[in-house]
Amino acid sequence: REMPIYASEPKIPDIDKYGKTRIKPIKDFLTNKNQNYSPVDKSEEFLTSLKKDEMKFVILTVDLKGSTILSQSLEKYENAKIISLFIREMSSIVNNYRGYVLKYVGDGLIAYFPEPNFIGKNDNAVDCGFAMILVLRNTINKILMKQRLPKLKLRIGIDSGEAIIVDMGNESIKMHKDLISETVNLSSKIQSLAPENSMAIGDSTARNLHVSRRTFFEKTIPDGWKYTTKKGEIYPVHVLKFKTY
């Protein structure tokens, strides 16, 4: 089945064309070309601009699956370069689907998609996940294989809900805006349930997707999953019905 790759008002109208535009930057990055940058933090700018300290967000987490095995099979600088490449490309996709990178965690990242359009932000987050899978499969991994490097594998988790915006850190050392909520923690737990190179989403996200996207997921309660709602009911997880590789 074809994956629904068109988001609500995306900056990426065609994911295949987007993947082709990333070929040269990826190759340049792997060969240490064009590495200079000026510090920027779009998330910090956005959260600072808000006039309230609580909002509804869609939270997306993505990380490399099997990164320990990957690190054992590569020279340390080569491994660091590939992880940096993965995070760099996933960040670019988040930005193109109207999302913000909240922070980087190990070999992955946490991103959020804000109000005001509730259904649109859920659609954008899920379509961002599909784009991540496609770019990894059709662009990044093909380049790595041609350079005799191992293919990468990912997992994506998404959930929706309220979060508190807080100033995190020490003002004399390092501070940044962060999101604190059960939704942020839950998205990471849901990510751990996603199959290899696939995506799992919480019931809150699934219920607020347009029908065309919702039909690609299957509702399930994984073995050992004990997370419950405030009503004491098991919180369902929805996993892609089809394999992406």
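Scoring rules and cut-offs
Residues numbered from 1 in each chain as written. Predicted model: local features only at pLDDT ≥ 70, side-chain atom pairs only at ≥ 80, totals over all residues. Heavy atoms only, no water. Helix = DSSP H or I, 4+ residues; strand = E, 2+ residues; numbered from the N terminus. Buried < 20%, exposed > 50% of the residue type's maximum accessible area, 1.4 Å probe, protein only. Contact = heavy atoms within 4.5 Å. Areas by Shrake-Rupley, 256 points an atom, 1.4 Å probe, with all protein chains shown as cover. Lys, Arg positive; Asp, Glu negative; His and termini not counted. Charge placed at Lys NZ, Arg CZ, Asp CG, Glu CD. Salt bridge = Lys/Arg side-chain N within 4 Å of Asp/Glu carboxyl O. Phe/Tyr/Trp six-rings, centres within 6.5 Å; stacked < 30°, edge-to-face > 60°. Lys NZ or Arg CZ within 6 Å of the ring centre and 35° of its normal. Arc of directions from axis to C-beta. Polar contact = N/O pair within 3.5 Å; in protein donor to acceptor, adjacent residues only side chain to side chain. pLDDT = per-residue confidence, 0-100.

1. Side note on the overall build of the protein
Scanning the protein from N- to C-terminus turns up nine helices and eight strands. Across its three principal directions, the C-alpha atoms of the protein cover 50 × 50 × 35 Å. Within the protein, the proportion of its 245 residues that are buried is 50%. Of all intrachain contacts in the protein linking residues separated by at least 6 positions in sequence, the fraction that spans at least 24 positions is 72%. Total accessible area on the protein is roughly 13200 Å²; 51% of this is exposed by carbon and sulfur atoms. Charge centroids of the protein, computed over 38 positive and 29 negative side chains, lie 6 Å from each other.

2. Structural notes on the pattern of salt bridges
Going through the model one piece at a time under the given rule, you end up with eleven salt bridges. Between E89 and R22 there is a salt bridge, with its nearest N and O atoms 2.8 Å apart. With E89 in helix α5 (residues 76-96) and R22 in the loop between α1 (15-21) and α2 (23-30), this pair connects stretches of sequence that are 67 residues apart. Of the charged contacts, one joins K177 and D167 as a salt bridge, the two residues approaching to 2.7 Å between their closest N and O atoms. Placement of K177 in strand β5 (residues 174-180) and of D167 in strand β4 (residues 154-170) is noted, with a sequence separation of ten residues between them. A relative accessible area of 19% means that K177 is categorised as buried. Members of the salt-bridge network, linked through shared partners, are R22, R88 and E89.

3. Some remarks on the packing of aromatic side chains
Applying the stated criterion to the full structure yields nine aromatic pairs. With a centroid separation of 5.5 Å and 80° between ring planes, the pair formed by Y227 and Y235 is classed as edge-to-face. Assessed through its relative accessible area of 21%, Y227 is described here as partly exposed. Owing to a relative accessible area of 7%, Y235 belongs among the buried residues under this scheme. Here the aromatic cluster, defined as three or more aromatic residues joined through ring pairs, consists of F46, F57, Y100 and Y112. The aromatic ring of F29 is capped on one face by K81, whose charged end is 4.5 Å from the ring centroid.

4. Section: helix α3 (residues 42-49)
Turning to α3, its buried residues are S43, F46 and L47. Taken end-on, α3 shows its buried residues confined to a sector of 95°, consistent with a single buried face. Along α3, exposed side chains directed more than 90 degrees from the buried face belong to E45 and S49. In this fold, the buried residues of α3 make contact with β1 (54-64), β2 (100-105), β3 (108-113), β4 and β5.

5. Some points on the side chain of D178
Its location among the elements puts D178 in strand β5. At 3.1 Å, the side chain of D178 and the side chain of K103 are in polar contact. Not counting chain neighbours up to four residues away, the residues in contact with D178 comprise L102, K103, I164, I165, V166 and M168.

6. Some remarks on unusual backbone geometry
Non-glycine residue R148 carries a positive phi angle of around 60°. Given the relative accessible area of 81%, R148 is considered exposed. A positive phi angle, near 55°, is found at N197, a position not held by glycine. Along the chain, the position of N197 falls in the loop between α7 (182-191) and β6 (198-202). Owing to a relative accessible area of 4%, N197 belongs among the buried residues under this scheme.

7. Structural notes on the confidence of the model for the protein
Overall, the prediction assigns the protein a mean pLDDT of 90, with 94% of residues at 70 or greater. Low confidence marks residues 1-8, where pLDDT is under 50. Its contacts with residues over four positions away, or in another chain, come to 31 contacts.

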